[in-house]
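Structure assessment
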Amino acid sequence: MPTLSVTEALATRCSTREFTDQPVSEDLLREVLTLSSKAPSGSNIQPWKVHALTGSALEQVLESIGQKVFSGEMEEPEFPTYPPGMSEPYRGRRSACAELMYQALEISREDKGKRIEQVLKNFQFFGAPVGIIITMDRVMGEAQALDIGIFAQTLMLLARERGLDSCPQLSWTMWPNAIREALDLNQNEKVMMGISLGYAEASRAVNDIEQPRIALEEFASIRGYQDQKL
């Protein structure tokens with residue numbers, strides 16, 4: 001039975017980039033996905049479609065996608081990962097995040113080859129035993145994309161509560177046609193994200209990065225309490 005509170009699951013969740021080969025049982029995966037469906041969505045339309053892969057099914061899909069990814073031929077992404085001309089402080093936060101990761105991996109800024117190798121591990125689900133692709137119908141819009149994010153966070157917290165680790169990945173949105181072909185999906189399915197799921201390799205420093213968070217005062221405005229009599 002799960003033993004972590006929501007707070008503990010949130011505090012111990014991180015983007016895991018090295019996994020053991022320990023399999024995730026089908027019963028556990030089904031439990032996490034079933035409970036994740038309790039996530040809220042606008043007017044309860046539940047726009048998410050989940051494609052969970054493991055074993056030979058995962059291997060076949062990765063091989064199919066890998067042939068295109070490693071060919072160097074680029075696709076048109078489903079949507080930009082970051083806005084063009086991203087300004088401060090967001091650009092600085094992004095750079096700092098990457099540097100912490102590469103420091104943990106002991107990959108220098110000058111070692112472009114090793115950095116590219118690390119990026120390409122995205123398209124192997126970082127060796128996780130379960131790879132998840134989340135799609136939604138192409139007629140959906142930004143509001144439903146928010147629903148997808150809520151669903152994904154719910155899934156990752158439920159997984160952490162049960163001792164699993166994960167990594168959310170927008171990188172898969174860069175190869176939507178390869179994914180649709182590998183999964184035999186039609187063009188109406190828009191690739192929204194991927195999630196690597198399994199058990200973290202605890203000895204790896206890259207799985208022990210504590211990314212900084214800005215202070216409450218930097219992102220929140222709380223109003224009205226000064227008018228209340230306690």
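Look up: the structure comes first, before these words.
Calculation criteria
Residues numbered from 1 in each chain as written. Predicted model: local features only at pLDDT ≥ 70, side-chain atom pairs only at ≥ 80, totals over all residues. Heavy atoms only, no water. Pairing = 2+ DSSP bridges. Helix = DSSP H or I, 4+ residues; strand = E, 2+ residues; numbered from the N terminus. Axes fitted to C-alpha atoms, helices over the stretch in contact; angles between N-to-C directions. Buried < 20%, exposed > 50% of the residue type's maximum accessible area, 1.4 Å probe, protein only. Contact = heavy atoms within 4.5 Å. Phe/Tyr/Trp six-rings, centres within 6.5 Å; stacked < 30°, edge-to-face > 60°. Core = buried A, V, L, I, M, F, W, Y, C linked by side-chain atoms within 4.5 Å. Left-handed = near helix turned anticlockwise from the far one by under 90°. Nonpolar A, V, L, I, M, F, W, Y, C, P; charged D, E, K, R; others polar.

1. Digging into the sheet that holds strand E1 (residues 49–54)
What the 4 strands build is an open sheet, ordered E1-E2-E4-E3; its pairing is antiparallel. At either margin of the open sheet sits one strand with a lone partner, and together these are E1 and strand E3 (165–169). Strand-to-strand twist in this sheet, taken as the mean axis angle between neighbours without regard to direction, amounts to 20 degrees. Note that strand E2 (residues 130–137) and strand E4 (residues 189–198) share 8 bridges and pair antiparallel. Looking across to E4, one finds that glycine 131 is bridged to serine 196.

2. Some words on helix H7 (residues 176–183)
Regarding H7, the residues found buried are Pro176, Ala178, Ile179, Arg180 and Leu183. Buried positions along H7 lie against E1, helix H3 (55–69), E2 and E4. In the stretch just after H7, aspartate 184 is the one whose phi turns positive, near 60 degrees.

3. Comments concerning the packing of aromatic side chains
Throughout the structure, instances matching the rule amount to 4 aromatic pairs. Here the aromatic rings of phenylalanine 123 and tryptophan 172 are separated by 5.4 Å at their centres, their planes lie at 90 degrees, and the arrangement is edge-to-face. Here tryptophan 172 lies in the loop between E3 and H7 and phenylalanine 123 lies in the loop between helix H5 (112–120) and E2, a separation of 49 residues in the sequence. As far as the burial class goes, phenylalanine 123 and tryptophan 172 line up, both buried. Here the aromatic rings of phenylalanine 123 and tryptophan 175 are separated by 6.5 Å at their centres, their planes lie at 85 degrees, and the arrangement is edge-to-face. Of this pair, phenylalanine 123 sits in the loop between H5 and E2 while tryptophan 175 sits in the loop between E3 and H7, placing them 52 residues apart in sequence. Looking at phenylalanine 123, the relative accessible area reads 5%, which means it is buried. The exposure class assigned to tryptophan 175 is buried, which follows from its relative accessible area of 3%.

4. Here's the deal with the nonpolar core
Val24, Ile132, Ile134, Ile148, Leu164, Ile195 and Leu197 are the most contacted members of the largest nonpolar core, which has 23 residues in total. Of all the secondary structure elements, the ones that give two or more residues to this core are helix H2 (26–36), E2, helix H6 (142–161) and E4. Excluding anything up to four places from it in sequence, leucine 197 contacts Phe19, Val24, Leu29, Ala128, Pro129, Val130, Ile132, Ala159, Leu164, Asp165 and Ser166. Formed by 20 residues, the second largest nonpolar core is a distinct cluster that contains Leu53, Ile65, Phe123 and Leu185.

5. Thoughts on the packing of H3 against H7
The geometry of H3 relative to H7 is characterised by a closest axis approach of 9 Å and an angle of 145 degrees between their N-to-C directions. Relative to H7, the crossing made by H3 is right-handed. Touching Val61, Ser64, Ile65 and Lys68 of H3 are Ala178, Ile179, Glu181, Ala182 and Leu183, all from H7. Classifying every residue of the contact of H3 with H7 gives 6 nonpolar, 1 polar and 2 charged.

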